[in-house]
Amino acid sequence: MPTLNQNRTQYFQAKILYKLATFALVVLFIVLSWSKDISAMANSQVDAGLKRSLVSFASARALNAVISVVQGTEVVVQPLGVGITLTLGQVLDPINDLVEQFSSVMLVASVAFGVQKLLLSIASTWVISTVVTVLALVWAGLYWFNKAPDWLSRLLVVVVFLRLVMPVTLIGSALVFDRFSATDYQTSLLALDQTGAALKALNAEPAAVPKTKPHAPLAAPEEKKGLFSGAMDALNGAKDSVLAAKDKVAGALDASANAVQAKFENIRTLAESAAERMITLIVVFLMQTIVVPIILLFVLYRLLGGLVPQARR
């Protein structure tokens, strides 16, 4: 069995090793605080995210403009002089509301990327790096003699968190986007632009309504027939002409209704596809700007708090 002296020796050796590992970690923090590579990489990722959000915002505004034009369009069909007027506002009104909300989300995402860029610029200044270096050296010297106060330990965690964890979080969030969301983003944005162009082209096309030929004029009764017989023939001819005209009007109305309905269905299909793509883009940007950064910040803060031991430990 190990003696008491051996146990004490092992304890002190373990404690010294622990302190040396802590000092190595502090030195790593100091070196990384002066590194420009981490800041440059994080800054490029933020710029890419800001560009994506601005492009999505522009696409949303363009689609909103197209939908507003289509909403005010009236489809007028006049088969055989009978007028039918239909509007597209009821079909596209819910989608237009969604486009406006999507535009607001993209604007918020752009602002979020702008705030991240500002915080990253502040954290990357030489002032913050100097503060991290001085606090780390002072804390390491006091910690070696078990005299580092708790407030200094917490302050060191805060400044290291501000200088290093922010860039690491942004880089990690961008890596998650590239791995899981980049394809969905590109596909959805392309589909959104194509939807706007298709709606614009479809709205410019008139509804295809078959033209009806004018019916032949009534044949005049022959003079050789008697008065009564001629009158009956004229009456029967007029009746047949009225029935034929009625059938033509009904057929023309059905053809017009079918043409307009087909146009409505095409526009509705395009609008539903746009809604699905917008929801996908909203999820992508919420994940990159809010959900993933918060998760990474929490995990890194817990790890950093555990790596920096308490002063009197």
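Residues numbered from 1 in each chain as written. Predicted model: local features only at pLDDT ≥ 70, side-chain atom pairs only at ≥ 80, totals over all residues. Heavy atoms only, no water.

Here the focus is the overall build of the chain. The helix and strand inventory of the chain stands at six helices and two strands. Moving toward the C terminus, one meets the helices and strands of the chain in the order α-α-β-β-α-α-α-α. Burial status across the chain gives 36% buried among its 313 residues. Contacts in the chain between residues far apart in sequence, at least 24 positions, make up 86% of those at least 6 positions apart. Put simply, the chain shows about 18,600 Å² of open surface, and 67% of that area lies on carbon and sulfur atoms. (Helix = DSSP H or I, 4+ residues; strand = E, 2+ residues; numbered from the N terminus. Buried < 20%, exposed > 50% of the residue type's maximum accessible area, 1.4 Å probe, protein only. Contact = heavy atoms within 4.5 Å. Areas by Shrake-Rupley, 256 points an atom, 1.4 Å probe, with all protein chains shown as cover.)

Structurally, Asp193 is set in helix α5 (residues 150-204). Look at Asp193 and you get partly exposed, because its relative accessible area is 37%. In sequence terms Asp193 and Leu63 are 130 residues apart; their C-alpha atoms lie 7.5 Å from each other.

What follows deals with the environment of Val115. On the secondary structure map, Val115 appears in helix α3 (residues 89-123). Along the chain, Val115 and Val46 lie 69 residues apart, while their C-alpha atoms are 9.8 Å from each other.

Moving on, we come to the side chain of Thr169. On the secondary structure map, Thr169 appears in helix α5. For Thr169, a relative accessible area of 2% gives the class buried. Leave out the neighbours within four places in its chain, and Thr169 touches Pro293, Leu296, Leu297 and Leu300.

With that settled, the discussion passes to a nonpolar patch on the surface. On the surface, Ile279, Val283, Leu286, Met287, Ile290, Val291, Ile294, Ile295, Phe298, Val299 and Leu303 cluster together into a nonpolar patch covering about 960 Å² of accessible area. For Ile290, a relative accessible area of 40% translates into the label partly exposed. (Patch = residues over 30% accessible without salt bridge, like charges linked within 9 Å, V, L, I, M, F, W, Y side chains within 5 Å. Salt bridge = Lys/Arg side-chain N within 4 Å of Asp/Glu carboxyl O.)

The subject of this paragraph is the nonpolar core. Residues Leu63, Ile67, Ile95, Phe102, Tyr185, Leu192 and Met278 are the most contacted members of the largest nonpolar core, which totals 34 residues. Put simply, the parts of the chain that give this core at least two residues each are α2 (37-71), α3, α5 and α6 (227-307). Once you skip the residues sitting within four places of it in the chain, Phe102 turns out to touch Ser56, Ala60, Leu192, Met278, Leu281 and Ile282. Leu25, Ala136, Leu156 and Leu304 belong to the second-largest nonpolar core, a separate cluster that totals 21 residues. (Core = buried A, V, L, I, M, F, W, Y, C linked by side-chain atoms within 4.5 Å.)

Turning our attention to the packing of aromatic side chains. On inspection of all chains with the given rule, the structure shows five aromatic pairs. Judged by centre distance (5.9 Å) and plane angle (80 degrees), the rings of Tyr185 and Phe285 are edge-to-face. Note that Tyr185 is positioned in helix α5 and Phe285 in helix α6, a separation of 100 residues in sequence. Like Tyr185, the residue Phe285 is buried in the burial classification. Of the aromatic side chains, those joined through ring pairs into one cluster are Phe23, Trp139, Tyr143 and Trp144. Over the ring of Phe180 we find Arg179; its NZ or CZ atom is 5.1 Å from the centre of that ring. (Phe/Tyr/Trp six-rings, centres within 6.5 Å; stacked < 30°, edge-to-face > 60°. Lys NZ or Arg CZ within 6 Å of the ring centre and 35° of its normal.)

Moving on, we come to the side chain of Ser173. Note on placement: Ser173 falls in helix α5. Those residues in contact with Ser173 that lie beyond four places of it in its chain are Gln288, Val292, Pro293 and Leu296.

Another point: the environment of Ala109. Following the sequence through the fold, Ala109 ends up in helix α3. Since its relative accessible area comes to 4%, Ala109 is described here as buried. Excluding residues within four positions of it along the chain, Ala109 makes contact with Ser53, Phe285 and Thr289.

Another aspect to go through is the confidence of the model for the chain. In the predicted model, the chain carries a mean pLDDT of 75, and 68% of its residues have values of at least 70. Across residues 207-225, confidence stays below pLDDT 50; counting only partners more than four residues off in sequence or on other chains, it has 18 contacts. (pLDDT = per-residue confidence, 0-100.)

Here helix α4 (residues 126-144) is 19 residues long and its end C-alpha atoms lie 27 Å apart, about the 27 Å a rise of 1.5 Å per residue gives. Taken together, the buried positions of α4 are Ile128, Ser129, Val132, Thr133, Leu135, Ala136, Trp139, Ala140 and Tyr143. Downstream of α4 by one or two residues, Asn146 has phi in the positive range, about 55 degrees. (Expected span 1.5 Å × (residues − 1).)

On to the pattern of salt bridges, then. As enumerated under the stated definition, the model contains one salt bridge in all. A salt bridge links Lys117 to Asp47, with the shortest nitrogen-to-oxygen separation between them at 2.8 Å. Taken together, the residues span a long stretch of sequence, with Lys117 in helix α3 and Asp47 in helix α2 at a distance of 70 residues. A residue is classified by how much of its surface remains accessible, and Asp47, at 31% relative accessible area, is partly exposed.

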